[in-house]
Amino acid sequence: MSGEIIPYADKIVDMIEQARQNALRSVNAELIKLYWNVGKYLSEESAKSSWGDAFIDETANYIKENCPGIKGFNRRGLYRMRQFYETYKDNEFVSALLTQISWTNHLQIMSGTKGIEEKEFYLSLCIREKYSTRELERQIESSYYQRYMLSTQTLAPIDVPHNENIRFFDSYVLEFLDLPAKYSEDDLRKSIVHNLKNFVLEIGRDFAFIGDEYRVQVANSDWHIDLLFHHRGLQCLVAFELKIGKFRPEYISKMDFYLEALDREHKKPNENPSIGVILCASKEDEVVEYAMSRSLSPTMVADYKLKLIDKALLVQKLREFKSLLIEGSDDFKEE
């Protein structure tokens, strides 16, 4: 009976994932519209005001003092919104396209390009190719626009690792998280873990989510792994553990302990040894380390590292999650 139900369950999961993608797109669209309208208001009011740009500075100070829970509307953010509006206000070509990419990608285009033609070029490219910020940055850094304009033939973009199913997942969208102004370390950890799970499923190829706070039992004691996935390509379990504070060598030993328990009690006979990913978020930096079984051959270790999410990308996202969630909080204390 269960085998007959699985296709129907898969259909429901697909419906859920599609709804999530639609929701993220809707949130992103509303966010871009908000920034556009704020930018328009600031542009018009600062032009009329005898204060000039000081009008924006005073607005940022007012929001900071009277509405400390509102993020992203500091001095720098408000100037960016005005720049966004003034860059595209008379451009009918892009008016219908602006809500189709993330705010971070807009910032990348505004800061990394010169003329309006170059901006239009990368805006269209980003929408067509569904680029993440990292992918878009690589195209701009490679001077793809200049090379494309000088080429006598149609020049393809440089090849970058790409996930066709990538969704809007932007640190500015995460500001809609409903967290209190002050929260505990455990709240911070749980919020990052929640976003990490979505990020892994969004970016990671072949990752299938198994569970959070996943229980393993060793010597009649229960232990819980923050996030557990199965990687279809590697045919192994992948455990993620988040630590608030600086990296400590004993974290590797503890992860090895978890991996041994997973391999002994949860790994299927046809599966490869489990792997662990340790993420540490301290005030100063972010660290990502892999833990692997000593029984793995050098070839298999290389294959694992090739197919897992790049460490640099995990560090980048961990930094974004952390900086967003601890902004304005005095309660972030390391272990």
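About the cut-offs
Residues numbered from 1 in each chain as written. Predicted model: local features only at pLDDT ≥ 70, side-chain atom pairs only at ≥ 80, totals over all residues. Heavy atoms only, no water. Helix = DSSP H or I, 4+ residues; strand = E, 2+ residues; numbered from the N terminus. Contact = heavy atoms within 4.5 Å. Areas by Shrake-Rupley, 256 points an atom, 1.4 Å probe, with all protein chains shown as cover. Salt bridge = Lys/Arg side-chain N within 4 Å of Asp/Glu carboxyl O. Buried < 20%, exposed > 50% of the residue type's maximum accessible area, 1.4 Å probe, protein only. Pairing = 2+ DSSP bridges. Expected span 1.5 Å × (residues − 1). Arc of directions from axis to C-beta. Phe/Tyr/Trp six-rings, centres within 6.5 Å; stacked < 30°, edge-to-face > 60°. Lys NZ or Arg CZ within 6 Å of the ring centre and 35° of its normal. Axes fitted to C-alpha atoms, helices over the stretch in contact; angles between N-to-C directions. Parallel < 35°, antiparallel > 145°, perpendicular 65-115°, else oblique. Left-handed = near helix turned anticlockwise from the far one by under 90°. Nonpolar A, V, L, I, M, F, W, Y, C, P; charged D, E, K, R; others polar.

On to the overall build of the protein. The number of helices and strands found in the protein is 12 helices and five strands. Partitioning the intrachain contacts of the protein with sequence separation of at least 6 by distance along the chain shows that 64% fall at a separation of at least 24. For the protein, the computed accessible surface area is about 18700 Å², with 50% contributed by carbon and sulfur atoms.

Attention now moves to the pattern of salt bridges. Applying the stated criterion across every chain, the model contains 10 salt bridges. Across the salt bridge formed by Glu-129 and Arg-128, the nearest N and O atoms sit 3.5 Å from each other. Note on Glu-129: relative accessible area 28%, which makes it partly exposed. The class of Arg-128 is exposed, set by a relative accessible area of 54%. Between Glu-260 and Arg-264 there is a salt bridge; the shortest N-O distance is 3.6 Å. On the criterion of helical spacing, the pair formed by Glu-260 and Arg-264 is a turn pair, its members being four residues apart in helix α10 (residues 250-265).

Here we take up the pairing of strand β3 (residues 236-244). The element β3 is largely enclosed, with a buried count of nine among its nine residues. Residues Cys-236, Val-238, Phe-240, Leu-242 and Ile-244 line one face of β3 and the alternating positions Leu-237, Ala-239, Glu-241 and Lys-243 line the opposite face, and both faces are buried. Pairing between strand β2 (residues 221-231) and β3: five bridges, direction antiparallel. The partner of Leu-228 across the bridge, within β3, is Ala-239. With antiparallel pairing between neighbouring strands as the criterion, β2 and β3 make up a hairpin whose turn holds four residues, including Gln-235 at a positive phi of roughly 55°.

A separate point is the pairing of β2. With 10 bridges joining them, strand β1 (residues 207-218) and β2 adopt antiparallel strand pairing. Bridge pairing in β2 links Ala-208 to His-230.

This part covers α10. Between its terminal C-alpha atoms α10 stretches 23 Å, which fits the 22 Å expected from 16 residues at 1.5 Å a residue. Three or more residues of α10 are buried, namely Tyr-251, Met-255, Tyr-258, Leu-259, Ala-261 and Leu-262. Around the axis of α10, the buried residues are gathered within 160° of arc, so they sit on the same side. The inward-facing, buried residues of α10 abut β1, β2, β3, β4 (275-281) and β5 (286-292).

Bringing unusual backbone geometry into the picture now. Positioned with a positive phi, Lys-130 is a non-glycine residue whose angle comes to about 55°. Residue position: Lys-130 is located in the loop between α6 (116-129) and α7 (133-141). Positive phi values are uncommon outside glycine, yet Glu-213 reaches one of about 50°. Tracing the chain through its elements places Glu-213 in strand β1.

The next subject is the packing of aromatic side chains. In total, this model carries 20 aromatic pairs according to the counting rule given. Aromatic side chains Trp-36 and Phe-84 sit 5.7 Å apart centroid to centroid with 90° between the ring planes, which places their arrangement in the edge-to-face category. Placement of Trp-36 in helix α1 (residues 2-48) and of Phe-84 in helix α3 (residues 75-88) is noted, with a sequence separation of 48 residues between them. An aromatic cluster of at least three residues, connected via ring pairs, comprises Tyr-35, Trp-36, Phe-73, Phe-84, Tyr-85, Tyr-88 and Trp-103. Here the basic side chain of Lys-197 rests over the ring of Phe-209, its NZ or CZ set 4.7 Å away from the ring centre. Lys-311 extends its terminal NZ or CZ atom over the ring of Tyr-290, reaching a point 5.2 Å from the ring centre.

Moving on to the packing of α6 against α7. Packing of α6 against α7 leaves a shortest axis separation of 11 Å and a crossing angle of 140°. When the axis of α6 is compared with that of α7, the two are oblique. Where α6 crosses over α7, the handedness of that crossing is right-handed. Along its contact with α6, which presents Tyr-122, Leu-125 and Cys-126, the element α7 presents Leu-136, Gln-139 and Ile-140. Class assignment for the residues of the contact of α6 with α7 results in five nonpolar, one polar and no charged.

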